[in-house]
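What the coordinates show
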Amino acid sequence: MNSTNQSLKPLTTKINDNGNIEIGGCDLVGLAEKYGTPLYVIDEYTLRSVCRDYRDAFKNYPKVNMMYASKALCNMGISSVLASEGFGFDVVSAGEIYTVFKAGVDMAKVLFNGNNKSFDELSLAMRLGVGRISVDNFFELSLLNEIAKSYNKTADILLRITPGIECHTHEYIQTGHLDSKFGFDLTQIDEAVELILNYYTNLKLHGLHAHIGSQIFETSIYGDEIEILVKEIARLDEKFGLKPDEINAGGGLGVKYTNSDCPPSVYTIADIMINRLNECIEKYKIDPPSLFIEPGRSIISTSGVTLYTIGSSKIVPKGKTYFAVDGGMADNARPSMYGAQYYAEIANKPDYEHADTVTIAGRFCESGDILIKDIKMPEPEEGDILCVYNTGAYNYSMASNYNRVQKPAMVLVNNSQSDIIIKRETLNDLIFHDEIPGRLRK
Ligand code: LLP
């Protein structure tokens with residue numbers, strides 16, 4: 001069965017009676033006029049559809065917990081939508097912990113990940129009652145034990161392991177291969193468990209956690225990952241008489257950025273994971289563990305688009321034709337950082353012939369700030385509204401104020417209604433944290 005992450009555009013995308021593209025019943029040209037550009041737009045219907053896909057796909061395994069990887073896009077509005085869909089949250093910083101806490105999320109359903117969590121961050125997690133902490137290394141084991149002791153609490157932990165699985169994605173977003181900065185090597189697990197059992201009295205081990213990478217199109221590696229996790233918890237049970245009863249397989253499922261991308265369905269991944277898990281339960285003779293997954297990109301990417309206004313253009317003799325937009329690498333770092341590709345349309349000319357090959361340049365002072373190279377579209381004109389698809393994940397969350405440019409606003413659209421969920425930054429926001437030392441003031 002198909003799932004929402006296999007769609008290039010939000011599910012509610014259509015051409016309306018004005019001849020413009022609309023999403024969530026909202027005319028994109030109207031949204032650009034009302035809120036300005038660049039503008040991040042998130043379609044609530046699409047977001048809720050993905051959540052439904054995940055729930056349906058995994059419904060045949062009785063103990064599944066969906067955790068949304070907040071790093072893909074974290075703000076209070078999105079956290080509220082996902083909490084209402086029954087999702088927990090994978091967080092990686094004090095900022096993400098605080099955001100979900102302020103959004104009213106049940107902190108017992110939050111898991112704290114990261115390869116170098118600080119004393120302050122771990123303390124905040126303990127104080128706010130974060131449900132699980134995935135401990136990444138020996139240093140963190142002892143630090144967390146001390147912090148838990150000082151609060152007179154027990155920290156509920158998983159051990160993050162490096163399963164030794166190499167997936168074929170961009171090198172920067174592979175994480176499960178052996179020589180990775182994340183997690184305990186398989187050969188280090190026993191030493192970590194011995195420390196927990198013999199010395200670290202304020203830690204309780206619930207299970208193991210792994211994450212193999214991101215924007216993954218392969219399917220069978222999820223089964224291999226499940227087998228490694230189950231084999232290890234069975235081994236820990238046998239060797240230490242422990243009954244770790246949780247495995248967390250991380251996230252990673254890919255999305256469709258361009259027409260040539262064919263990501264697998266959530267249903268396919270779920271079948272592979274559940275079948276292998278059931279086989280392994282028999283094979284390694286363990287009680288069925290709770291399965292946690294923590295997808296980020298495949299939850300939020302498809303529901304998001306970014307609107308820009310076309311400004312200047314430049315035709316290079318015997319070269320490219322550039323059209324510049326009012327945003328770029330500071331609101332979407334992925335093309336310049338990973339060579340990521342995106343698809344776009346002109347929101348006010350959706351049914352014009354795609355006759356020209358153009359390059360969409362950003363407005364930032366860097367030659368590498370190119371959003372889309374050589375895309376076919378109707379010739380853009382100044383003032384046209386460009387809609388770039390599949391920008392929900394890792395766009396806002398990786399945005400910067402490069403060139404001292406304000407970060408865009410974000411609206412949530414649904415049933416012809418649009419609501420601001422992140423306000424556009426103002427010039428005063430940009431200087432809010434600046435100080436001029438007294439001795440320099442006249
Ligand atoms: N769990 C852990 C432990 C992770 O490190 C990640 C992503 C996820 C879950 C969620 O993975 P997803 O389902 O989103 O693939 N900035 C990069 C992506 C970095 C992903 C880092 N970890 C990009 O823009 O492609």
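Residues numbered from 1 in each chain as written. Predicted model: local features only at pLDDT ≥ 70, side-chain atom pairs only at ≥ 80, totals over all residues. Heavy atoms only, no water.

Section: the nonpolar core
Counting residues in each nonpolar core, the largest one holds 88 residues, and the members touching the most others are Y54, F58, Y68, L141, I157 and L159. A domain split of this core shows at least three residues from each of domain 1 (4–42 + 301–431) and domain 2 (44–299). Aside from chain neighbours lying at most four places away, what touches L141 is V135, I157, L159, F184, A192, L195, I196, Y200 and L203. Core analysis: the second largest hydrophobic core is formed by 39 residues, L28, V29, I372 and V411 among them. (Core = buried A, V, L, I, M, F, W, Y, C linked by side-chain atoms within 4.5 Å. Buried < 20%, exposed > 50% of the residue type's maximum accessible area, 1.4 Å probe, protein only. Domains from an automatic or database assignment. Contact = heavy atoms within 4.5 Å.)

So, the side chain of E345
By the element assignment, E345 lies in strand β16 (residues 344–346). Not counting residues within four places of it along the chain, the set of residues in contact with E345 comprises K9, I21, H354, I385, L386, C387 and Y389. (Helix = DSSP H or I, 4+ residues; strand = E, 2+ residues; numbered from the N terminus.)

Here's the deal with the domain arrangement of the protein chain
Its domain assignment divides the protein chain into domain 1 (4–42 + 301–431) and domain 2 (44–299). Computed from C-alpha coordinates alone, the two centres of domain 1 and domain 2 are separated by 32 Å. Of the roughly 2,700 Å² buried where domain 1 meets domain 2, counting both sides, 58% is carbon and sulfur surface. Joining domain 1 to domain 2, the criterion identifies 13 residue pairs in polar contact (both at pLDDT 80 or more). No other element matches the four residues that strand β20 (residues 409–414) contributes to the side of domain 1 that touches domain 2. (Buried area = accessible area lost by both parts, 1.4 Å probe. Polar contact = N/O pair within 3.5 Å; in protein donor to acceptor, adjacent residues only side chain to side chain.)

Brief notes about the sheet that holds strand β3 (residues 26–27)
The strand order β1-β2-β3 describes an open sheet built from three strands, whose pairing is antiparallel. Edge strands, defined here as strands with exactly one partner in the open sheet, are β1 (14–15) and β3. For β1 and strand β2 (residues 21–23), the ladder comprises two bridges, and the chain directions are antiparallel. Within β2, the position partnered with K14 by the bridge is E22. (Pairing = 2+ DSSP bridges.)

Observations regarding helix α5 (residues 119–128)
Taken residue by residue, α5 has E121, L122, S123, L124, A125 and M126 as its buried positions. In this fold, the buried residues of α5 make contact with α4 (94–102), β7 (110–112), β8 (132–135), α6 (138–150) and β9 (155–162).

Side note on the site of the ligand
Surrounding the ligand, one finds 19 residues, the nearest of these being S214, E294, R297, R334 and Y394. One of the backbone N or O atoms of R297 is found 2.8 Å from an oxygen atom in the ligand. Here an oxygen atom of the ligand and a side-chain polar atom of Y394 are 2.7 Å apart. Partitioning the shell around the ligand into residue classes produces six nonpolar, seven polar and six charged. Shared between two domains, the shell around the ligand takes at least three residues from each, and those domains are domain 1 (4–42 + 301–431) and domain 2 (44–299). (Near = heavy atom within 4 Å. Nonpolar A, V, L, I, M, F, W, Y, C, P; charged D, E, K, R; others polar.)

Some details on the pairing of strand β11 (residues 203–209)
Most of β11 sits out of view: six of its seven residues are buried. As judged from the three bridges shared by β11 and strand β12 (residues 246–248), these two strands associate in the parallel manner. Within β12, the residue paired with H209 across the bridge is N248. Remark: the β11/helix α8 (residues 220–240)/β12 crossover connection has right-handed handedness. (Right-handed = clockwise from strand over helix to strand, strands pointing away.)

What about the packing of aromatic side chains?
What characterises a pair of aromatic rings is the spacing of the ring centres plus the angle enclosed by the ring planes. The final tally for this structure, using the stated rule, is seven aromatic pairs. Measuring from centroid to centroid gives 6.3 Å for Y54 and F58, while their planes differ by 5°, and the two rings are stacked. With respect to class, Y54 is no different from F58; both count as buried. The cationic tip of K117 hangs over the ring face of F112; the distance from NZ or CZ to the ring centre is 5.6 Å. Residue placement shows R363 over the ring face of F364; its charged tip is 5.5 Å from the ring centre. (Phe/Tyr/Trp six-rings, centres within 6.5 Å; stacked < 30°, edge-to-face > 60°. Lys NZ or Arg CZ within 6 Å of the ring centre and 35° of its normal.)

A few points about the pairing of strand β14 (residues 304–315)
Relative to β14, strand β4 (residues 39–43) is paired through four bridges, and the arrangement is antiparallel. Counted as the bridge partner of L39 is L307 from β14. Note that β14 and strand β19 (residues 385–389) share five bridges and pair antiparallel. Residue T309 lies in a different strand from β19, and its bridge partner there is I385. With four bridges joining them, β14 and strand β15 (residues 321–325) adopt antiparallel strand pairing. Each bridged residue has a counterpart across the sheet, and for K314 the counterpart in β15 is Y322. Remark: five residues form the turn of the hairpin made by β14 and β15, two consecutive strands paired antiparallel; K318 in that turn has positive phi of roughly 60°.

Topic: the side chain of E22
Of note, E22 is situated in strand β2. Looking at E22, the relative accessible area reads 12%, which means it is buried.

Let's talk about the pattern of salt bridges
This model, assessed by the stated rule, comprises 20 salt bridges. Here K9 and E345 are joined by a salt bridge, their closest N and O atoms 3.1 Å apart. Of this pair, K9 sits in the segment before β1 while E345 sits in strand β16; the two residues are 336 residues apart in sequence, bridging distant segments of the chain. A relative accessible area of 25% places K9 in the partly exposed class. Between K149 and E146 there is a salt bridge; the shortest N-O distance is 3.8 Å. With a gap of three residues between them, K149 and E146 both fall in helix α6, about one helical turn apart. The partly exposed category is assigned to E146, whose relative accessible area is 45%. The structure contains a network of salt bridges with shared partners spanning E44, R48, R55 and E85. (Salt bridge = Lys/Arg side-chain N within 4 Å of Asp/Glu carboxyl O.)

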